[in-house]
Each structure stands twice: as C-alpha cells, then as structure tokens.
Amino acid sequence: MQGLIEMWHELTVTFQLRSPLHIGYLPSRSSIFSPTRYYVPGRTLWGALTRSITESIHGQPGGDDYRSTGKKLREDFRFSYFYVHDGRTYYLPEYRDDGLMYGGLDRYEFEGRFIASTVSTALRGGVALKGSLHETEYINSMFHDSEKVERTRIMGCIWIKNRPFDLEIQKDGMFIGDINILDELTLGGESKYGFGKVVLESIRIGRTPFRVHVSEDIQISDEFLRGHMRYTHDLKFTGDLELLSGRAYFDPESQRSSEKPGGVIIKPEYYLTPGTRIEDHKEATLLWDGTLVR
C-alpha cells in the first residue's frame, strides 16, 4: 500500500482459534438452529478490544469505564472485518458469475472444510426438556489439510491514529504497559460454553489484503465489498441484503446506553452483505465498526 500518512498506523493482524467460534445473526425464537457468520464483523473486534483495554487500565471497571474506552476506540481505531485464513489462502466471500465463492471454494466446499455444528438439549432429572433441543453452528478451530490437522485462523486489519492509552505497537502485540491487549480475546457468542477464544499469532505493519487508500479516512476500493454497506435504492448489485440490528450496552449512533447487557436495541437497517459486487463501484469509507459508506 502506498500513501500511508503518519497519523494512521496500519496493522494486518492474524489470530488462531483456540475454540469454536460462533458469530450470530439476528435471533429467531422460531428456529432451533443458530447459524454462524463465516467472518467476524469489525464491531465484534471493537467490543472485545474495548473490554481488554478497559480491564487492563481499571482494576474494577464500571459501565462508564467501558463506555469511555469504547468511545476512544471509535475515534482512534478502524477495524476491518476478519475472515478465515488457513496460513496460505484468505477466504473472502465474493459473489462471482458462478455464485458465492470463498477464496476459490464454493459455499459447500468452504462449509465442509471449516464449518461444523453441535446439538444440545436441557436436562431435568436426566430427561430432556421438551422444546429444548438446539443446534449451534460454528467456525471450527481445526481443519483438515491433506493429511494434517491444522489450526484455523482469522485475519484482518486494524488502523490506529494518535496511539491512545499510551499504546505501544510491537511485532508481538499491542501493549499498555506490560499488558498485551491482543494476546487473547473472546469473540462472539456461546462464550459460557467455551466458544470464541482466539490468541494472537502475528502482527504485520501494512501489507493489507485489501485495496486501501489512507488519507484522513480509510478508503477501500475492492471490486467486492469487504464489509457490510448500508443499502440505498440507487445501487445496482449482485449479492445479498441483510437486516442488521442487535443488542448492546451502548448504541454509538443514538447515544443510548444501559447498565444491563443487551439493554439497548440497535435500530435495524438493510445492508448489502460482504462479498456483494456493485456496478460502477468506487471507493467506500471504512467506519469504526468495519461497515462501509459511499
């Protein structure tokens, strides 16, 4: 990448999965099946890093501490989406003429290699409770490569300006004092069952896998979307639409907050999904959570 100005530090970051990873969609009470996304949204990285930084700075943090840290990250950090990586191939979704592909694999080949599911049910007195059967899909922490079994990785980019929190960027991590805030994170759902544990494998300066131009903002100009983009009626595209919402402590758009987990509902809006191809697509601006705007 050329033209990187001093105010932004561009890092390509790779994590290894140490347990299954479940990144959920909007909940549906009518289904016993919980599908996973095949990538990690930037908002998920923001939430995990907000927690890591807050707990490294404050011994017993409260809600205001988390909100303050999260606000600073939204100002001084930009997170791409993180996608599955096997050490050689980067499995970006792309809606091509022959359908949705992931790094050269069609959806079924990708799922066969990286995606699995588990079935659970609630028990009482050794008997399964009626209506409690549930299946959870996840990105597997291991995959078969020829005759070997290897760790699954996820890879993406983080841009930082002003180095907040006295942050030190090194080859083996990002440090606040002696604490490596990227060393181990918990991402996604089902964490109470041990899901979502990732550990840092590597940090590279620059060498982003995306087509990026950095000035005052981060601009991505790939043929295919590398994050969700808010839908507008003037767009002609090949891909898919998704209604995005969710629950959180805090909604940066409305500034509403809650002391309870999931106490704030994010306003649902339609977005084009990652991998969508837009006619006459030009540069799009990357926002703090990895979503894109034209």
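Residues numbered from 1 in each chain as written. Predicted model: local features only at pLDDT ≥ 70, side-chain atom pairs only at ≥ 80, totals over all residues. Heavy atoms only, no water.

Draft legend 1. Structural detail: the side chain of Arg-226. With respect to the element layout, Arg-226 can be found in the loop between β22 (218-220) and β23 (229-230). Polar side-chain contacts of Arg-226 include one of 2.9 Å to the side chain of Asp-222. When sequence neighbours within four positions are dropped, the list of residues in contact with Arg-226 reads Tyr-81, Tyr-83, Leu-92, Pro-93, Glu-94, Phe-210, Ile-220 and Leu-292. (Helix = DSSP H or I, 4+ residues; strand = E, 2+ residues; numbered from the N terminus. Polar contact = N/O pair within 3.5 Å; in protein donor to acceptor, adjacent residues only side chain to side chain. Contact = heavy atoms within 4.5 Å.)

Draft legend 2. Layout of the layout of surface pockets. Estimated volume of the second largest pocket: approximately 290 Å³. Taken together, 18 residues make up the lining of the second largest pocket; nearest its centre are Tyr-25, Tyr-39, Tyr-95, Tyr-102 and Arg-107. Of all the elements in the fold, those that place two or more residues in the lining of the second largest pocket are β6 (93-96), β7 (99-102) and β25 (241-248). (1 Å grid on protein atoms, 1.4 Å probe; cavity = no way out; pocket = protein on both sides within 12 Å on 5 of 7 lines; lining within 4 Å. Points joined across faces, edges and corners; volume = space filled by probe spheres on them.)

Draft legend 3. Region of interest: the environment of Thr-285. The residue Thr-285 is located in strand β28 (residues 284-286) in this model. Residue contacts for Thr-285: discarding those within four places in its chain leaves Asp-217, Ile-218, Gln-219, Thr-291, Leu-292 and Val-293. Polar contacts involving the side chain of Thr-285 include one to the side chain of Gln-219, which spans 2.9 Å.

Draft legend 4. How the structure looks around unusual backbone geometry. Within the chain, Arg-163 stands out as a residue other than glycine whose phi angle is a positive 45°. Residue placement: Arg-163 occurs in the loop between β15 (153-161) and β16 (168-170). The phi torsion at Phe-165 lies on the positive side, around 60°, for a residue other than glycine. Considering the arrangement of structural elements, one finds Phe-165 in the loop between β15 and β16.

Draft legend 5. Structural detail: the nonpolar core. If you look at the biggest cluster of nonpolar residues, it comprises 42 residues, and the most contacted ones within it are Val-13, Phe-15, Leu-49, Phe-77, Met-174, Leu-182 and Leu-187. Beyond its immediate stretch of four places on either side in the chain, Phe-15 contacts Leu-45, Phe-82, Thr-152, Arg-153, Ile-154, Leu-182, Leu-185, Val-198, Val-199, Leu-200 and Glu-201. Trp-159, Phe-210, Val-214 and Leu-225 belong to the second largest nonpolar core, which has 22 residues in total. (Core = buried A, V, L, I, M, F, W, Y, C linked by side-chain atoms within 4.5 Å. Buried < 20%, exposed > 50% of the residue type's maximum accessible area, 1.4 Å probe, protein only.)

Draft legend 6. Representation of the environment of Ile-205 in the model. Mapped onto the secondary structure, Ile-205 falls in strand β20 (residues 197-205). With 194 residues separating them along the chain, Ile-205 and Leu-11 place their C-alpha atoms 4.8 Å apart. Discounting chain neighbours no more than four positions away, the residues touching Ile-205 are Glu-10, Leu-11 and Ile-169.

Draft legend 7. Quick look at the packing of aromatic side chains. Counted according to the given criterion, the structure contains 16 aromatic pairs. Ring centres of Tyr-138 and Phe-195 lie 5.6 Å apart, and the angle between their planes is 85°; this geometry places the pair in the edge-to-face category. With Tyr-138 in strand β12 (residues 134-139) and Phe-195 in the loop between β19 (184-186) and β20, this residue pair connects regions lying 57 residues apart in the sequence. Phe-195 carries the same exposure label as Tyr-138, and that label is buried. Among the aromatic residues, ring-to-ring pairing joins Tyr-38, Tyr-91, Tyr-102, Phe-110, Phe-114 and Phe-143 into one connected group. It is Arg-74 that lies over the ring of Trp-288; its NZ or CZ is 5.9 Å from the centre. (Phe/Tyr/Trp six-rings, centres within 6.5 Å; stacked < 30°, edge-to-face > 60°. Lys NZ or Arg CZ within 6 Å of the ring centre and 35° of its normal.)

Such coordinate-based values are descriptive only and should not be taken to indicate function.
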